[in-house]
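Listed here are the chains, written in short residue letters.
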Amino acid sequence: MRTQRQVVDYALQRRSLLAEVYSGRVGTMDVCDASPYLLRAAKFHGQPTDLTCPVCRKEPLTNVAWVYGDALKHASGSARAPEELARMATLFEEFTVYVVEVCRTCAWNHLVQSYVLGTRGLRDPKPRRRTAAE
């Protein structure tokens, strides 16, 4: 998306957590704890990926985008499909999107990425007057 900015990738944190799970220091019950609301959002608003679940290895992961921001009012804290995000990016000044990967089989979930969308800063600033020295 053209207005996507302030992108944060949580791949290193994910890799570290999975290393803890694979070594046995962290149990699968501690990481496979997706809420029913998150699982339902994955079913209806999620975007399927090609990545297989790193814990159960049975099903492809689903990415769910959650939106937060003061400008969204009642829509803040809800899951949105990618098409809705593109439309919202043109309507609202600024909001944050958190992408969570979810396995609908074992309930694995992890924050994958966060970024800011919106129209803030897209408008062309007034042209600055040039001085004689320029």
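Located above this text is the structure these notes cover.
Calculation notes
What you see as residue numbers is a count from 1 along each chain, following the sequence as written. Only residues with pLDDT of at least 70 get local features here, since the model is predicted, and only at 80 or more are side-chain atom pairs given and counted; chain-wide, interface and lining totals rely on the full set of residues. Side-chain calculation: all heavy atoms of the structure are included, whereas hydrogens and water are not. To define a nonpolar core, start from buried Ala, Val, Leu, Ile, Met, Phe, Trp, Tyr and Cys residues and group those joined through side-chain atoms within 4.5 Å. With a 1.4 Å probe rolled over the protein chains alone, any residue whose accessible area is under 20% of its type maximum counts as buried; one over 50% counts as exposed, and the rest are partly exposed. In this text, helices come from DSSP runs of H or I with a minimum length of four residues, and strands from runs of E with a minimum of two, each type numbered from the N-terminal end. The contact criterion used is simple: two residues touch if any of their non-hydrogen atoms lie within 4.5 Å. This arc is built from the directions going out from the helix axis to the C-beta atoms. Note on pairing: two strands pair once DSSP finds at least 2 bridges between them. Cavities and pockets were defined on a 1 Å grid built from protein atoms only: a cavity is a group of points that admits a 1.4 Å probe but offers it no way out, a pocket is an open group of points flanked by protein on both sides within 12 Å along at least five of seven lines, and a lining residue is one with an atom within 4 Å of any such point. Grid points are joined across faces, edges and corners, and a volume is the space filled by probe spheres set on the points.

Caption draft 1: Quick look at the nonpolar core. Ranked by size, the top nonpolar core spans 12 residues in total: A65, V67, L72, A75, L85, M88, A89, F95, V97, V99, Y115 and L117. Sorting the residues of this core by element identifies strand 3 (60-68), helix 4 (82-91), strand 5 (95-102) and strand 6 (109-117) as the ones contributing at least two each. Ignoring any residue separated from it by four or fewer positions in sequence, one finds Y115 in contact with Q4, R5, Q6, V7, L85, F95, T96, V97 and V99.

Caption draft 2: Seen up close, helix 4. Within helix 4, burial applies to L85, M88 and A89. Looking straight down helix 4, one finds its buried side chains confined to an arc of 105°; they lie on one side. Residues E83, T90 and L91 are exposed on helix 4 and point more than 90 degrees away from its buried face.

Caption draft 3: Representation of the environment of A65 within the structure. Among the structural elements, A65 can be located in strand 3. In this structure the C-alpha to C-alpha distance between A65 and Q113, which are 48 residues apart in sequence, comes to 9.3 Å. Beyond its immediate stretch of four places on either side in the chain, A65 contacts S78, A79, R80, L85, V97, Y98 and V99.

Caption draft 4: Spatial organisation of the pairing of strand 3. Pairing of strand 2 (residues 47-52) with strand 3, which is carried by 3 bridges, proceeds in the antiparallel orientation. Note that in strand 3 the partner of T52 across the bridge is P60. Here strand 3 pairs with strand 5 via 7 bridges, running antiparallel. Note that in strand 5 the partner of V67 across the bridge is V97. Across 3 bridges, strand 3 lies against strand 4 (residues 78-80) in antiparallel orientation. Following the sheet pairing, V67 is matched in strand 4 by S78.

Caption draft 5: Structural context of the layout of surface pockets. Roughly 170 Å³ of internal volume is contained in the largest pocket. Along its surface, the largest pocket is lined by 13 residues, and Q47, A65, L85, V99 and Y115 are the ones closest to its centre. It is strand 3 that provides the largest number of residues to the lining of the largest pocket, a total of 3 residues.

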